[in-house]
Amino acid sequence: MKQSSRDTTPPSKLVAGRDYPRTYREFVKSFHDDGACAAYLECLRWPNGFKCPACGVTAEPWRQTRGRLVCSACRHQTSVTAGTILDKTRTPLTTWFEAAWHVTTAKNGLSAKTLERTLGTRYRVAWTILQRFRVAMVRAEREQLSGNVEVDEALVGGVEHGAKPGRGTDKCVVAIAVEVKQPKGFGRVRMRHVPDASDFSLRPFVCDMVAPGSTILTDGWSGYSRLSNCGYTHRKTVMSASEDPAHVAMPGVHRIASLLKRWILGTHQGSVSDEHLQSYLEEFTFRFNRRTSRSRGLVFRRLLEQAVATGPVTDAEVTHGYYW
Ligand SMILES: [Zn+2]
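(A) Structural view of the packing of helix H8 (residues 251–266) against helix H9 (residues 277–288). At a minimum axis separation of 11 Å, H8 and H9 run at an interaxial angle of 115°. The crossing of H8 and H9 is right-handed. Contact residues: H8 offers Ile256, Leu259, Leu260, Trp263 and Ile264, while H9 offers Leu277, Tyr280, Leu281, Glu283, Phe284, Arg287 and Phe288. Taken together, the residues of the contact of H8 with H9 sort by class into 10 nonpolar, no polar and 2 charged.

(B) Looking closely at the coordination of the zinc ion. Around the zinc ion, the protein contributes the donor atoms Cys52 (SG), Cys55 (SG), Cys71 (SG) and Cys74 (SG), at 2.3 Å from the metal centre. Classification of the site at the zinc ion as tetrahedral follows from its 4 donor atoms and the range of 105 to 112° in their angles at the metal. When the donor residues of the zinc ion are listed from N- to C-terminus, their spacing reads C-x2-C-x15-C-x2-C. Linking Cys52 in the loop between helix H2 (34–45) and strand E1 (62–63) with Cys71 in the loop between strand E2 (69–70) and strand E3 (77–78), this pair joins segments that are 19 residues apart in sequence. The exposure class assigned to Cys52 is buried, which follows from its relative accessible area of 3%.

(C) Broad picture of the sheet that holds strand E5 (residues 172–180). An order of E6-E5-E4-E7-E8 is seen for the 5 strands of this open sheet, with the pairing classed as mixed. The sheet is open, and its two borders are formed by strand E6 (186–194) and strand E8 (233–237), each paired with just one other strand. Here the average twist between neighbouring strands, direction ignored, is 25°. For strand E4 (residues 148–156) and strand E7 (residues 215–219), the ladder comprises 3 bridges, and the chain directions are parallel. In the sheet register, Glu150 faces E7, and the bridge partner there is Leu217. Most of the contacts of H8 go to E4, to which it runs at about 40°, and overall it touches E4, E5 and E6.

(D) Molecular detail of unusual backbone geometry. Here the residue pair Gln182 and Pro183 is connected by a cis peptide bond, since its omega of 0° sits within 30 degrees of zero. The topology assignment puts Pro183 in the loop between E5 and E6. The phi dihedral of Arg66 falls on the positive side, at around 55°, and the residue is not glycine. With respect to the helices and strands, Arg66 occurs in the loop between E1 and E2. Classification of Arg66 by relative accessible area gives exposed; the value is 78%.

(E) Inspection of the environment of Glu305 at higher detail. You can see Glu305 is positioned in helix H10 (residues 296–307). Sequence spacing of Glu305 and Leu41 is 264 residues, and the spatial spacing of their C-alpha atoms is 7.5 Å.

(F) Up close: empty space enclosed by the protein. Tallying each qualifying case throughout the model produces 1 cavity of 30 Å³ or more. Of the voids in this model, the largest cavity is the one considered here, and its volume is about 30 Å³. In terms of lining residues, the largest cavity is bounded by Val103, Thr104, Met137, Glu283, Phe286, Arg287, Arg296 and Val299. Among the elements that line the lining of the largest cavity, the one with the most residues is H9, at 3 residues. Residue composition of the lining of the largest cavity, grouped by class: 4 nonpolar, 1 polar and 3 charged.

(G) Looking closely at the pairing of E7. Burial runs high along E7: 5 of the 5 residues are buried. Every second residue of E7 is oriented toward a common face, with Thr215, Leu217 and Asp219 on one face and Ile216 and Thr218 on the other, all of them buried. Note: E7 against E8, 5 bridges, orientation parallel. Following the sheet pairing, Leu217 is matched in E8 by Arg235.

(H) Main features of the packing of aromatic side chains. Going through the model one piece at a time under the given rule, you end up with 17 aromatic pairs. On the basis of an interplanar angle of 70° and a centroid distance of 4.8 Å, the ring pair of Trp46 and Phe50 is categorised as edge-to-face. Looking at Phe50, the relative accessible area reads 3%, which means it is buried. Here a set of aromatic residues connected by ring pairs shows up, and it is made of Tyr24, Phe27, Phe31, Tyr40, Phe97, Trp101 and Phe300. Across from the ring centre of Tyr280, 4.2 Å away, lies the NZ or CZ of Arg134, which sits over that ring. Sitting over the face of the ring of Phe286, Arg290 holds its NZ or CZ atom 4.2 Å from the ring centroid.

Criteria and thresholds
Residues numbered from 1 in each chain as written. Predicted model: local features only at pLDDT ≥ 70, side-chain atom pairs only at ≥ 80, totals over all residues. Heavy atoms only, no water. Axes fitted to C-alpha atoms, helices over the stretch in contact; angles between N-to-C directions. Helix = DSSP H or I, 4+ residues; strand = E, 2+ residues; numbered from the N terminus. Left-handed = near helix turned anticlockwise from the far one by under 90°. Contact = heavy atoms within 4.5 Å. Nonpolar A, V, L, I, M, F, W, Y, C, P; charged D, E, K, R; others polar. Donors = N, O, S within 2.8 Å, 3.2 Å for Na, K, Ca; no water. Tetrahedral: all angles 85-135°; square planar, octahedral: opposite > 155°, others 65-115°. Buried < 20%, exposed > 50% of the residue type's maximum accessible area, 1.4 Å probe, protein only. Pairing = 2+ DSSP bridges. 1 Å grid on protein atoms, 1.4 Å probe; cavity = no way out; pocket = protein on both sides within 12 Å on 5 of 7 lines; lining within 4 Å. Points joined across faces, edges and corners; volume = space filled by probe spheres on them. Phe/Tyr/Trp six-rings, centres within 6.5 Å; stacked < 30°, edge-to-face > 60°. Lys NZ or Arg CZ within 6 Å of the ring centre and 35° of its normal.

Quick look at the structure:
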């Protein structure tokens, strides 16, 4: 075994003097082969140098062929992708990087069908990459919302049976929470596909997503009636007593719901199944919460950072839906 003499390059020096590519040209130049991609992932996964996942020692590893890293303390063999969302992938890292670039730089993302054509891979490969990235995206969104937060439900997807509005549909219920800013504008958003609009479904969503002490704004729906027992200030706008139509009383949630529906209909041609809805919500949330990012390249870096900070998913989870 030969010990590598390669210096640990800080990620800030990897791409034209920065830690992310600003343009597609810089991207192509920086990530021309799997070695360059692996070096970048290594810096994102171990910013303070390789840390052995088995014994926890931080020391420069021995480097073997095909990207194998061997711990110099305990001789444990690993790789930069082992134990991450890219675990055991047979797809080249350059393909993963190309996908990450398009997912984060296209304004509305892209469907698996479009990604298949863009990458020149099989549909199944494109779909798997997208699904795994969506699992990674949720990890980037752990901090709770705070301040003034609107909460409401929206009906998404499914096929309408042409019955009366709100009835005879197989649409999914999506709980939405969004920070509202004064005097106007929105902050971050969170969403969850819930089985129904009961207190039992909605209260855990709010408690998970919103920091105690925040002010929750809802309509008069009974599903929200116990929020003031959970450490929130609850402000209700009762629709029947109000002159305003719903979208004026809850402008934030109304706006998010319409963007979400347009995205599902546009980018995904409306073909989102129940079992995968949550993963689409994660992607929408990830992109929405970074809409003001000063560079798309930063979002690209963030996605890859999460990809190597997130544990593996199984093929069954990719096919039948990930348990969130
Ligand atoms: Zn070790």
